[in-house]
Amino acid sequence: MDIEPFDLERFFARYEHDADIMLAESGIRSLAASEFDTDPGELGYVIPTAGDPALRRTIGERYDRDADEVLCTCGAQEANFVAFAALMGEHAVTITPTYQSLHSVPRAFGEVTTVDLEPPEWDLDLDAVQAALRPETSVLVLNNPNNPTGRYFSQETVEALYDLAAANDTYLLCDEVYRLLSPDPLPPVASMGEYGISTSSVTKSHGLAGCRFGWLAGPREVVDAAATWKDYTTISPSPFGQHVARQAIEREAEILARNRELAADHRARVRSFLDDHGLDWYEPTGVNGFVTVPEGFATGRSFCEALVESESVLLAPGDAFGVPDRFRIGFGLPTDQLEAGLTRLDSFLTAHA
Ligand SMILES: Cc1ncc(COP(=O)(O)O)c(C=O)c1O
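Thresholds, definitions, all that
- Residues numbered from 1 in each chain as written.
- Predicted model: local features only at pLDDT ≥ 70, side-chain atom pairs only at ≥ 80, totals over all residues.
- Heavy atoms only, no water.
- Phe/Tyr/Trp six-rings, centres within 6.5 Å; stacked < 30°, edge-to-face > 60°.
- Buried < 20%, exposed > 50% of the residue type's maximum accessible area, 1.4 Å probe, protein only.
- Patch = residues over 30% accessible without salt bridge, like charges linked within 9 Å, V, L, I, M, F, W, Y side chains within 5 Å.
- Areas by Shrake-Rupley, 256 points an atom, 1.4 Å probe, with all protein chains shown as cover.
- Salt bridge = Lys/Arg side-chain N within 4 Å of Asp/Glu carboxyl O.
- Lys, Arg positive; Asp, Glu negative; His and termini not counted.
- Charge placed at Lys NZ, Arg CZ, Asp CG, Glu CD.
- Helix = DSSP H or I, 4+ residues; strand = E, 2+ residues; numbered from the N terminus.
- Core = buried A, V, L, I, M, F, W, Y, C linked by side-chain atoms within 4.5 Å.
- Contact = heavy atoms within 4.5 Å.
- Near = heavy atom within 4 Å.
- Polar contact = N/O pair within 3.5 Å; in protein donor to acceptor, adjacent residues only side chain to side chain.
- 1 Å grid on protein atoms, 1.4 Å probe; cavity = no way out; pocket = protein on both sides within 12 Å on 5 of 7 lines; lining within 4 Å.
- Sits in = over half its atoms within 2 Å of the grid points.
- Nonpolar A, V, L, I, M, F, W, Y, C, P; charged D, E, K, R; others polar.
- Pairing = 2+ DSSP bridges.
- Right-handed = clockwise from strand over helix to strand, strands pointing away.

J.: Can you break down the packing of aromatic side chains residue by residue, with the values?
T.: Geometrically, a pair of aromatic rings is defined through the distance of the ring centres and the angle of the planes. What the rule picks out here adds up to 13 aromatic pairs. Arranged with centres 6.4 Å apart and planes meeting at 55 degrees, the rings of Phe213 and Trp215 form a pair that is tilted. We note that Phe213, like Trp215, is buried. Among the aromatic residues, those joined into a cluster by ring pairs are Phe297, Phe303, Phe327 and Phe348.

The following block contains the structure:
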């Protein structure tokens, strides 16, 4: 079994440690540990290893599912991994561009057909999805809202995808890590019926990547099969992560209100910056935008490399998502850092105009 190198992580590994400003982080800025009680008591495994039953019940309520239909994991990354390990037979279909795990991990287990969104609005062609499905397709994969484009597909589109998947006896797995950054979140896919699976975490919308706390919600047989894999990956979530995540979920309304306000303010700042510099994007839900490459640069990668070397500001090259003529900007960072990053980006663009 082979796994492809994670392009974006490898690019970050070259530059992130030394760069002054990280303008490519995909989630909202992190909350301070001091906002929470950080003493979980005894530092054993979380027992039961699927996660605290009361917390799983609370999480399950958002999917109209019970505690046994929720598996707590170390971040959405593990939720996706164990879901694919459990579900993959011969073939999957993934809607791209998207977070690399969502096509590279299933490709490690079988064959993956990708269906590309159509720029500039990143529209989804349902006929292309239908054509990609095969009798042996076990899972159709969506990330909604989508990283890196910021496109949030409507309820109607997601229902159409669900119907295509269900008619083919295929699960629809939706990575919903950005869902709660929307001021108007759609019902999650795991609440749509027997073929719906949702993965999520407290990383992107709450600002708690360090908790490494996520989950998978869906039909019992999928959750059980994923739990079988998790016994070999991390066994249980971290008690620290679960302890803080529980508090964050209890205080979710207040945390999300703050984070959505920050996202809206920063989105407007970036929109006006891009307008001033003649750059285009699809106005995103969440805190990632996928922007056209400035004139004078052949690719998003050459632009990102020149920028980080000259200004110590890190953006993400679009080719890490299979789209070389874009770069991704993350605007969820603290406001002073966003402003400092945009000021340096402005000097760089002016010098290269
Ligand atoms: C779509 C998507 N899913 C999952 C992850 C990983 O999330 P977590 O930190 O919860 O493991 C990311 C991180 O960038 C992501 O963008």
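J.: Hey, could you go over a negative patch on the surface for me, with residue numbers and the actual values?
T.: Together, Asp116, Glu118, Asp125 and Asp127 line one region of the surface with negative charge. Checked against the element boundaries, Asp127 lands in helix α5 (residues 126–132).

J.: Describe the environment of Ala85, and please don't skip the residues or the numbers.
T.: With respect to the helices and strands, the residue Ala85 is situated in helix α3 (residues 75–87). Sequence separation between Ala85 and Thr228 is 143 residues; the distance between their C-alpha atoms is 9.6 Å.

J.: If you had to explain the nonpolar core to someone new, which residues and values would you point to?
T.: Leu172, Phe303, Leu315 and Leu345 are the most contacted members of the largest nonpolar core, which has 90 residues in total. Per element, the largest residue contribution to this core is six residues, and it comes from α3. The contact partners of Leu172, leaving out residues within four places of it in the chain, are Leu140, Leu142, Val158, Leu161, Tyr162, Ala165, Val189, Tyr195, Gly196 and Ile197. With 19 residues, the next largest nonpolar core counts Leu31, Leu55, Ala190 and Ile249 among its residues.

J.: Would you mind going over the site of the ligand in detail, with residue names and values included?
T.: The ligand sits among 14 residues. The nearest are Ala76, Asp175, Tyr178, Ser201 and Lys204. Ser26 is positioned such that a nitrogen or oxygen atom in its side chain is 3.2 Å from an oxygen atom of the ligand. Here an oxygen atom of the ligand sits 2.9 Å away from a polar atom, N or O, in the main chain of Gln77. Contact with the protein chains removes 94% of the 400 Å² of surface that the ligand exposes when unbound. If you map the ligand onto the pockets, it falls in the largest pocket. Broken down by element, the shell around the ligand gets its largest block of residues, three residues, from α3. Considering only residue class, the shell around the ligand consists of four nonpolar, seven polar and three charged.

J.: Give me the pairing of strand β3 (residues 91–96): which residues, what numbers.
T.: Most of β3 is tucked away: six of the six residues are buried. Across the two faces of β3 the burial is the same, with His91, Val93 and Ile95 and Ala92, Thr94 and Thr96 all buried. Relative to strand β4 (residues 111–116), β3 runs parallel, the two sharing six bridges. Of the residues in β4, the one forming a bridge with Val93 is Thr113. For the crossover that starts at β3, traverses helix α4 (residues 101–109) and ends in the parallel β4, the hand is right-handed. Sheet topology places β3 next to strand β5 (residues 137–143); four bridges connect them, and they run parallel. Note that in β5 the partner of Ala92 across the bridge is Val139.

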